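Tertiary structure, described
Given next are the chains, with one letter for each unit.
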Amino acid sequence: MDLNAARMFVAVVQAGSLSAAAARLAIPLPTLSRRIRELERQLKVQLLERSTRGTRLTDAGARLYEHAGGGIEALLEAEQAVASDQARLKGRLRLSLPQTFLPWWDLLAAFQRRYPDIQVHVTSTERRMDLVEDGIDVALRVGAIVHEAMVARHVLSFRNVLVAGPALVQRLGLPADPDALQRFPCAVWSTRIDARWDLGGQVVVPRAVLTANDYHFLCSRALDGDVVTELPPFLAAGPIRDGRLVPLLPQYPLPEWPLHLVYPPHRHPSTIIRTYLDFCQGWLPNIARACEVGAAA
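From a predicted model like this one, the values you see are computed outputs, not experimental measurements. (Residues numbered from 1 in each chain as written. Predicted model: local features only at pLDDT ≥ 70, side-chain atom pairs only at ≥ 80, totals over all residues. Heavy atoms only, no water.)

Bringing the sheet that holds strand β11 (residues 208-212) into the picture now. Ordered in space as β11-β8-β12-β7-β13, the 5 strands form an open sheet in which the pairing is mixed. The open sheet has two edge strands with one neighbour each: β11 and β13 (246-247). As paired strands, strand β8 (residues 186-189) and strand β12 (residues 228-231) are joined by 2 bridges and run parallel to one another. Bridge pairing in β12 links Cys186 to Val228. Contacts from helix α8 (residues 233-241) reach β7 (161-164), β12 and β13 within the one sheet, and its direction differs from that of β7 by about 40°. (Pairing = 2+ DSSP bridges. Helix = DSSP H or I, 4+ residues; strand = E, 2+ residues; numbered from the N terminus. Contact = heavy atoms within 4.5 Å. Axes fitted to C-alpha atoms, helices over the stretch in contact; angles between N-to-C directions.)

In this structure, the largest pocket spans a volume of roughly 830 Å³. Contributing to the lining of the largest pocket are 35 residues, with Glu126, Val142, Trp189, Tyr215 and Trp257 lying nearest its centre. At the level of elements, β3 (91-97), β5 (138-142), β8 and β9 (197-199) are the ones that each hand at least two residues to the lining of the largest pocket. Sort the elements by how many residues they give to the lining of the largest pocket and β5 lands first, with 3 residues. Among the residues making up the lining of the largest pocket, the classes are represented as 18 nonpolar, 8 polar and 9 charged. Approximately 230 Å³ is the volume attributed to the second largest pocket. The set of elements that each furnish at least two residues to the lining of the second largest pocket consists of β6 (151-159) and β7. The element that contributes the greatest number of residues to the lining of the second largest pocket is β6, accounting for 3 residues. A per-class count over the lining of the second largest pocket returns 13 nonpolar, 2 polar and 1 charged. (1 Å grid on protein atoms, 1.4 Å probe; cavity = no way out; pocket = protein on both sides within 12 Å on 5 of 7 lines; lining within 4 Å. Points joined across faces, edges and corners; volume = space filled by probe spheres on them. Nonpolar A, V, L, I, M, F, W, Y, C, P; charged D, E, K, R; others polar.)

Looking now at helix α3 (residues 29-43). Taking 1.5 Å per residue, 15 residues should reach 21 Å; α3 reaches 21 Å between its end C-alpha atoms and fits that length. The complete set of buried residues in α3 reads Leu32, Ser33, Arg35, Ile36, Leu39 and Glu40. For α3, the buried positions fall inside an angular range of 160° around the axis, keeping them on one side. The exposed residues of α3 that point more than 90 degrees off its buried face are Pro30 and Arg41. Of the residues trailing α3, Lys44 is marked for its positive phi of about 60°. (Expected span 1.5 Å × (residues − 1). Buried < 20%, exposed > 50% of the residue type's maximum accessible area, 1.4 Å probe, protein only. Arc of directions from axis to C-beta.)

It is worth spelling out the sheet that holds strand β14 (residues 256-263) at this point. In spatial order, the strands read β4-β3-β5-β14-β6; together these 5 strands make up an open sheet with mixed pairing. In this open sheet, the two strands that pair with only one neighbour each are β4 (118-124) and β6. When the angles between neighbouring strand axes are averaged without regard to direction, this sheet yields 20°. By the bridge criterion, 2 bridges tie β3 to β5 in an arrangement that is parallel. Along β5, the bridge assignment pairs Ser96 with Ala139. The strands that helix α5 (residues 102-114) touches are β3, β4, β5, β6 and β14; relative to β4, the one it contacts most, it runs at about 165°.

Structure below.
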């Protein structure tokens, strides 16, 4: 059964005539009459007797209204409830974020201050989650997008920064070029032992005394004067500004990393998801400033 046509049928019964129902539903009278006839053909029964004085239910029409009327009204109430929740932006937003991406936590705090009735659930992980299987609405992804079935909205691009503590630089000096890093103990963000750095297009294998997938830990070791390491600009900016870290080899920059918001391709994304995406777009200048080491220094 065509539920939309059944809804129109219920409206005709409740309004008392086709013309009154057409006005209530804000659709042309010929369209309403045609949909009711199509419903009758589908059910192979006459539902309404039409006359110049209006419409009257047949026995079959009365039985259909008795069974369908309450269900249609329940569906309308459910539709209104969903629309009301969307209008108030009340519901749940499920996000995936990379670990240590601190500027995005500030964005989320501002988002929830703006929309306090939205419950945000965040999974912070370096693992590339399956958005559909893991029930993620929107993911923040660093690096190339490999899942072509997803919608990817480019946010910005940034470069990590090579740094060391002043004590280590005072002891070993400043490296003049990437090959000079062989004199330095290095710590590299990596899930592999044979980590490499691409410095201005020159690939080097640093003397890695430590590999880890935690930038906070790498930052701590650099601040202690133990190692040379790479850090995201938003982690490096403050210590560089305060003189607690020294940028190395700025003429040999690390590769640029693209940042994307990724989400499944919905025909009609929820109002909450669209609002979150638009809010992120408006917050981008703050994220960009957090990723500018030169401006912070």
